[in-house]
Amino acid sequence: MWSFGYDATTGATIWATIALVIFIGIAIYFGIHKTIAKMLDDRIKQIETDLAEAEALRAEAKALLDDYARRREEAQKEAEGIVTAAREEAFRLTADAKAALEAMVARREKAVADKIAQAEAQAVAEVRARSADLAVEAARVLLTKQMTEKSGALIEQSIKDVAARLN
């Protein structure tokens, strides 16, 4: 080939350079540089759009995070309120149960005292009735004994009293 008096490597380098210049000239003539620039501009616009969308998504995510944090705090406060109300209700129910238990114990004590008093009164009544029965029985036995001993004298005295009154 044409080496122009240079060695083979230098000649190949010169022809490669000439081919490159021709290729670049053809590329510029057909406007490839504009197409490449347009592709790069489109890619830049797509990246900018993606970045803007990512920023919007980040802002939305931050807003959601803030909203969830606020909701969590509200839920925590509400839970604390519920726990406090439950404690107060438990204390109130405990106090009510204690008062009801004391009232029930007092009623039962009164009922037991009333039963004891009633049993006592019944026992006294039974003792009195038994005493009265024993007294009546003792009087009967005593009168029977006395009547057998003095019956004759009493009959004669009664007859005299009746005769004196009839006359």
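Up top you'll find the structure we're talking about.
Keep in mind that this is a model prediction, so the values were computed, not measured.

Trainee: Explain the overall build of the chain to me, please; I cannot follow it from the model alone.
Mentor: When its secondary structure is counted, the chain shows two helices and zero strands. Scaling as 2.2 N^0.38, a compact globule of 167 residues should have a C-alpha radius of gyration of about 15 Å, whereas the chain reaches 66 Å, well beyond that. Over its C-alpha atoms, taken along the principal directions, the chain stretches across nearly 210 × 35 × 20 Å. For the chain, the computed accessible surface area is about 15000 Å², with 66% contributed by carbon and sulfur atoms. Here the chain holds 24 positive side-chain charges and 27 negative ones, and the gap between their average locations is 10 Å.

Trainee: Where do I start with helix H1 (residues 8-29) in this structure?
Mentor: Three- or four-residue spacings in an α-helix give side chains the same orientation, since the helix completes a turn every 3.6 residues. When the terminal C-alpha atoms of H1 are compared, their 31 Å separation across 22 residues agrees well with the 32 Å that a helix rising 1.5 Å per residue should span. Positioned one or two residues after H1, Gly31 has a phi angle of 75 degrees, which is positive.

Trainee: Sorry, what's going on with the environment of Arg58 here?
Mentor: Note that Arg58 resides in helix H2 (residues 32-166). Accessibility expressed as a relative area gives 48% for Arg58, which makes it partly exposed.

Trainee: Would you mind going over the pattern of salt bridges with me for this structure?
Mentor: Between side chains of opposite charge, pairing is possible as soon as their charged atoms come close. Counted by the stated rule, this structure contains nine salt bridges. One salt bridge connects Asp42 with Lys38, and the closest N-O pair in it is separated by 3.4 Å. Here Asp42 pairs with Lys38, and both are found in helix H2, just four residues apart, close to one helical turn. For Asp42, a relative accessible area of 38% puts it in the partly exposed group.

Trainee: Please explain the environment of Ile159 as it appears in this structure.
Mentor: For Ile159, the position within the fold is in helix H2. For the pair Ile159 and Ser131, spaced 28 residues apart in sequence, the C-alpha separation works out to 37 Å.

Trainee: For this particular structure, what's the right way to read the side chain of Asp67?
Mentor: Of note, Asp67 is situated in helix H2. Among the polar contacts listed, one links the side chain of Asp67 to the side chain of Arg70, at a separation of 2.4 Å.

Trainee: Looking at this structure, I do not really get a nonpolar patch on the surface. What am I missing?
Mentor: Among the surface-exposed residues, Trp15, Ile18, Ile22, Ile26, Tyr29, Phe30, Ile32, Ile36 and Leu40 lie close enough to one another that they form a single nonpolar patch of about 950 Å² accessible area. Mapped by element, the contributors of at least two residues to the nonpolar patch are H1 and H2. For the nonpolar patch, the element with the most residues is H1, which contributes five residues. By the element assignment, Ile18 lies in helix H1.

Trainee: It is not clear to me how the packing of aromatic side chains should be interpreted in this structure. Could you clarify?
Mentor: Both the distance between ring centres and the angle between the ring planes are used here to describe each pair of aromatic rings. Scanning the model with the defined rule gives one aromatic pair in all. An angle of 80 degrees between the planes, with centres 5.2 Å apart, marks the rings of Tyr29 and Phe30 as edge-to-face. Grouping residues by exposure puts Tyr29 and Phe30 together as exposed.

Rules and cut-offs
- Residues numbered from 1 in each chain as written.
- Predicted model: local features only at pLDDT ≥ 70, side-chain atom pairs only at ≥ 80, totals over all residues.
- Heavy atoms only, no water.
- Helix = DSSP H or I, 4+ residues; strand = E, 2+ residues; numbered from the N terminus.
- Rg over C-alpha atoms; globule rule 2.2 N^0.38 Å.
- Areas by Shrake-Rupley, 256 points an atom, 1.4 Å probe, with all protein chains shown as cover.
- Lys, Arg positive; Asp, Glu negative; His and termini not counted.
- Charge placed at Lys NZ, Arg CZ, Asp CG, Glu CD.
- Expected span 1.5 Å × (residues − 1).
- Buried < 20%, exposed > 50% of the residue type's maximum accessible area, 1.4 Å probe, protein only.
- Salt bridge = Lys/Arg side-chain N within 4 Å of Asp/Glu carboxyl O.
- Polar contact = N/O pair within 3.5 Å; in protein donor to acceptor, adjacent residues only side chain to side chain.
- Patch = residues over 30% accessible without salt bridge, like charges linked within 9 Å, V, L, I, M, F, W, Y side chains within 5 Å.
- Phe/Tyr/Trp six-rings, centres within 6.5 Å; stacked < 30°, edge-to-face > 60°.

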